[in-house]
Amino acid sequence: MMRKISDVLKEKERTYSFEFFLPRTPKGRNDLYGTVDVLKDLKPDFLSVTYRADQANRGLTTEIVDEFQESFGIPTMHHLTCVGHTEAELNAIIDKMREKNICNILALRGDPPQGVEHWEPTPGGLEYCYQLIELIRSRDDFFTIGVAGFPEGHIDSPDKETDSRYLKTKIDAGAEFVITQLFFDNRDYFGYVERLKRIGVSVRIIPGILPVTDYRKLLRFCQSLGSNIPQRVHDIFKPLDGDAEATYKAGVQFAVEQCNELLEGGAPGLHFYTLNKADLVQRVFEEIKR
């Protein structure tokens, strides 16, 4: 049986992991395997693959996670969303994962379809992430369940305290660890951990790291997530816009400094958003003080 992330967390004070998004073309899928083949040599504790609920792609995450585990022997976490599914469909997906020995899930509500301002759950579906966790937990303890955390507060949450209480609801429902959304000011992460401790959350909060590769793409990406870009990041990367080599060097330096500060401050590891590219993440990973 493939290892559960919960077992890895019991054994190691720090974990290091890499996340990949679903490729959109056959070439992208082939390139993704090449990326993982490079990064596997860094001996990550687990991998993670995102999810899209549309009809054309909803089975793709399961296929790729299964292939990663078979080819590389590394525990791989399957993202799964409430958005776009009935409860019956979710049950079928979860059962399929179990058949494939996929035992690690990142449970998410998921983002509304693009252009939808007032999202409503699918008829016969689930509205909240904690309901998905309860659905997974209704089987037995086969699955380890992680959830997303938002150091700056979720874009739909009225304030950080409300967001923290919702995170606790997910933990109380059976989630075992948290991976945060990307952030660039480490004070947001450490403040988040303290807020959660005050309300009784004791599970591991793993910071999510996005090395900067392109200033303009970073602006668009963070806008879509509702993530803040500190002025320091603008000051470093805006003057380098269009200079790929200079951006690469600055991206490495910034990410290494951010990661080292997090680890020195007690963060229990790092989760890298790779954007399906190996080079920059590999360079950062090799330079941090682990």
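Report follows, based on the coordinates. (Residues numbered from 1 in each chain as written. Predicted model: local features only at pLDDT ≥ 70, side-chain atom pairs only at ≥ 80, totals over all residues. Heavy atoms only, no water.)

## Some remarks on the pairing of strand 4 (residues 104-108)
Part 1 of the reasoning: By the criterion of burial, strand 4 is predominantly enclosed, with five of the five residues buried.
Part 2 of the reasoning: What you see with strand 4 is no split at all: Asn104, Leu106 and Leu108 on one side and Ile105 and Ala107 on the other are buried throughout.
Part 3 of the reasoning: Sheet topology note: the strand 3 (residues 76-81)/strand 4 ladder contains four bridges and is parallel. Note on strand 4: the bridge partner recorded for threonine 81 is leucine 108.
Part 4 of the reasoning: What joins strand 3 to strand 4 is helix 4 (residues 87-99), and the crossover it makes is right-handed.
Part 5 of the reasoning: Strand direction decides the pairing type here: strand 4 and strand 5 (residues 144-149), joined by four bridges, are parallel. Directly across from alanine 107, in strand 5, lies its bridge partner valine 147. (Buried < 20%, exposed > 50% of the residue type's maximum accessible area, 1.4 Å probe, protein only. Helix = DSSP H or I, 4+ residues; strand = E, 2+ residues; numbered from the N terminus. Pairing = 2+ DSSP bridges. Right-handed = clockwise from strand over helix to strand, strands pointing away.)

## Things to note about the pattern of salt bridges
Part 1 of the reasoning: Going through the model one piece at a time under the given rule, you end up with 22 salt bridges.
Part 2 of the reasoning: Put simply, lysine 10 and aspartate 7 hold a salt bridge, and the shortest N to O gap is 4.0 Å. Taken together, the residues lysine 10 and aspartate 7, both in helix 1 (residues 5-11) and three residues apart, mark about one turn of the helix.
Part 3 of the reasoning: For aspartate 7, a relative accessible area of 30% puts it in the partly exposed group.
Part 4 of the reasoning: Between arginine 29 and glutamate 63 there is a salt bridge, with its nearest N and O atoms 3.2 Å apart. With arginine 29 in helix 2 (residues 26-39) and glutamate 63 in helix 3 (residues 60-72), this residue pair connects regions lying 34 residues apart in the sequence.
Part 5 of the reasoning: Owing to a relative accessible area of 40%, glutamate 63 belongs among the partly exposed residues under this scheme. (Salt bridge = Lys/Arg side-chain N within 4 Å of Asp/Glu carboxyl O.)

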